[in-house]
Amino acid sequence: MRYYLIAGEASGDLHASRLMMALKRRDPKAEFRFIGGDQMTAVGGALVRHYRELAYMGLFPVLRHLPAILRNMRRAKQDIKEWQPDCVILVDYPGFNLNIAKYVHRLHVADPHKYNVYYYIAPKIWAWKEYRIKNIKRDVDELFSILPFEVDFFEGKHHYPIHYVGNPTYDEVQEFKSNVPFTPPSLPPHSPFTPSKLPIIAVLCGSRKQEIKDNLPPMLAVTDRLASDYQVIVAGAPGIDHDYYESFTRGHQVSVLPEGHTYELLYHAHTALVTSGTATLETALFGVPQVVCYATALPRLFGMLRKILVKVKYVSLVNLIAGREVVPELVADGFSVANLEHHLKCILQGPAREEMLRGYEEVMQRLKPSHDTDNPESGKNSAPENAARILLRNL
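Residues numbered from 1 in each chain as written. Predicted model: local features only at pLDDT ≥ 70, side-chain atom pairs only at ≥ 80, totals over all residues. Heavy atoms only, no water.

All right, on to the side chain of Glu150 then. Here Glu150 lies in helix α7 (residues 150–157). Among buried charged residues, Glu150 stands out as having no salt bridge; its nearest opposite-charge side chain is Lys124, 5.9 Å away. Of note is the side chain of Glu150, whose polar atom sits 2.7 Å from the side chain of Trp126. When residues no more than four places from it in sequence are discounted, the contact partners of Glu150 are Ala122, Pro123, Trp126, Ser145 and Ile162. (Helix = DSSP H or I, 4+ residues; strand = E, 2+ residues; numbered from the N terminus. Buried < 20%, exposed > 50% of the residue type's maximum accessible area, 1.4 Å probe, protein only. Lys, Arg positive; Asp, Glu negative; His and termini not counted. Salt bridge = Lys/Arg side-chain N within 4 Å of Asp/Glu carboxyl O. Polar contact = N/O pair within 3.5 Å; in protein donor to acceptor, adjacent residues only side chain to side chain. Contact = heavy atoms within 4.5 Å.)

Next up on the list: the confidence of the model for the chain. Averaged over every residue, the pLDDT of the chain is 88; the share at 70 or more is 86%. In this model, residues 183–188 is a region of pLDDT below 50 whose contacts with residues beyond four sequence positions or in other chains number 13 contacts. (pLDDT = per-residue confidence, 0-100.)

A few words on the sheet that holds strand β12 (residues 290–294). If you walk across this open sheet you meet the six strands as β10-β9-β8-β11-β12-β13, and the pairing is parallel. Bordering the open sheet on either side are β10 (255–257) and β13 (329–331), each of which pairs with just one other strand. Put simply, the sheet's adjacent strands are angled 20 degrees from each other on average, direction ignored. By the bridge criterion, three bridges tie β12 to β13 in an arrangement that is parallel. When the bridges of β13 are listed, Val292 appears paired with Glu329. The sheet strands contacting helix α12 (residues 278–285) are β8 (200–204), β11 (271–275) and β12, and the helix crosses β11 at an angle near 160 degrees. Packed on one face of the sheet, helix α15 (residues 337–348) meets β8, β11, β12 and β13 and runs near 165 degrees to β12. (Pairing = 2+ DSSP bridges. Axes fitted to C-alpha atoms, helices over the stretch in contact; angles between N-to-C directions.)

All right, on to the pattern of salt bridges then. Applying the stated criterion across every chain yields a total of 14 salt bridges. For Arg138, the salt bridge goes to Asp139, with nearest N and O atoms at 2.8 Å. Two residues, Arg324 and Glu362, come together in a salt bridge whose shortest N-O distance is 3.1 Å. In this pair, Arg324 sits in the loop between α14 (317–322) and β13 while Glu362 sits in helix α16 (residues 351–367), placing the two residues 38 residues apart along the sequence. Of the residues examined, Arg324 reaches a relative accessible area of 30% and is grouped as partly exposed.

It is worth spelling out the environment of Ala269 at this point. With respect to the helices and strands, Ala269 occurs in the loop between α11 (262–268) and β11. For Ala269, a relative accessible area of 13% puts it in the buried group. Ala269 has contacts with Ile200, Ala202 and Val288, leaving out every residue within four places of it along the chain.

Tallied over the entire structure, the rule returns zero disulfides. In this model Cys293 remains outside any disulfide bridge; the closest cysteine sulfur is found in Cys205, 9.3 Å from its own. (Disulfide = S-S within 2.5 Å.)

What follows concerns the pairing of β11. Taken across its five residues, β11 has five buried, putting it largely inside the fold. Burial along β11 is two-sided: the face carrying Thr271, Leu273 and Thr275 and the face carrying Ala272 and Val274 are both buried. Pairing analysis gives four bridges linking β8 to β11, with the strands arranged parallel. Paired with Leu204 across the strands is Val274, a residue of β11. In this sheet, β12 lies alongside β11 in parallel orientation, the contact comprising four bridges. Counted as the bridge partner of Leu273 is Val291 from β12. Crossover handedness for the path β11 to α12 to β12: right-handed. (Right-handed = clockwise from strand over helix to strand, strands pointing away.)

The next point concerns the side chain of Lys77. Checked against the element boundaries, Lys77 lands in helix α4 (residues 66–83). For the buried Lys77, which has no salt bridge, the nearest side chain bearing the opposite charge is Asp139, at an N-O separation of 10 Å. With residues near it in sequence (within four places) discarded, Lys77 still touches Asn99, Ile100 and Tyr103.

Another point: the packing of helix α9 (residues 209–223) against α15. Here α9 crosses α15 at 50 degrees, and the two axes come no closer than 9 Å. With respect to α15, the axis of α9 lies oblique. Read as a crossing pair, α9 and α15 show a hand that is right-handed. On α15, the residues touching Pro218, Met219, Ala221 and Val222 of α9 are Val337, Leu340, Glu341 and Leu344. Partitioning the contact of α9 with α15 into residue classes produces seven nonpolar, no polar and one charged. (Parallel < 35°, antiparallel > 145°, perpendicular 65-115°, else oblique. Left-handed = near helix turned anticlockwise from the far one by under 90°. Nonpolar A, V, L, I, M, F, W, Y, C, P; charged D, E, K, R; others polar.)

Counting residues in each nonpolar core, the largest one holds 129 residues, and the members touching the most others are Tyr3, Ile89 and Phe154. Looking at this core, the element that brings in the most residues is helix α5 (residues 94–110), giving seven residues. Contacts of Tyr3, omitting those with residues within four sequence positions, involve Leu23, Asp27, Ala30, Glu31, Phe32, Arg33, Trp83, Cys87, Ile89, Leu391, Leu392 and Leu395. (Core = buried A, V, L, I, M, F, W, Y, C linked by side-chain atoms within 4.5 Å.)

Laid out in structure tokens, this is it:
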């Protein structure tokens, strides 16, 4: 069968590549064509556009690059029509992908044997832009969720059936931990960071330059005060040059880890400061107590707008999955060096640290997909394997 995939950022590239591998195991004749990145390219198929040509965030960057975004959208639509895939698989990235879904749905109506629309990693409309549910109901044939609380939102609130297939981040962390040939706190000789007897504070300050610029300086202002008792290490993000980090870390007692070693860092970390995003869930799955923080421009204004526009109480995946505050969230007007230092010291040791670790166990239990008694391969209960099985069954 022919599969056309669209992933608009690095995390989507990773998750889409895992889904492609799962599809290939079930469909040896699978053909792939995609907008994505290096990891999807490594699986095989034709790369139409790299996600770096699409990945713009924020109002002003989007407006500035709007002509390029529209060109890429037109190119994708024309390419899909010409290639005539059996299905189009959209991975997160809703602003772009829901527009594609609308177009492909029209093609599917005209030719029901082709152009099925599947959405892997549901758009986070429960946080904002809930009106998009109308587009999803109309244009998406099957929706695959990786967050357990989304089932109640889509099915309970909006009466739109979805598939919770498990969480790929959970799968990836468990796979990493099962293959690690060493145990903490001793670092292996091949480790990219220097072995030390001091416990590690991991700093995960975002994957985009603007996030790093906003979050890293106040994080370092706090960790500098603990540098005599802890080893402070920043996790390098994909595509960010070391020189960019050095412009902020110069003069501070901190090391910067090259990209690709975040899991190794978290495996050994004692505590972490984490910018909101998937990294908060990864940190929890490694059992590392954390403070979640996200600095913004005009924090007071952002804080007021958040109350109006954002429909959820929490910003971190850890708290959203638990349905309560497991980790402290310092966002916008709640983010300050003083607040960050206070919450970090609370979890370095003592009852707050132990309480957070108990909350992590709750999160891990909720992430596990239910056992599929109709599936002869139920032992392979990972998110991409589950999604591939359901997708091919429906096709």
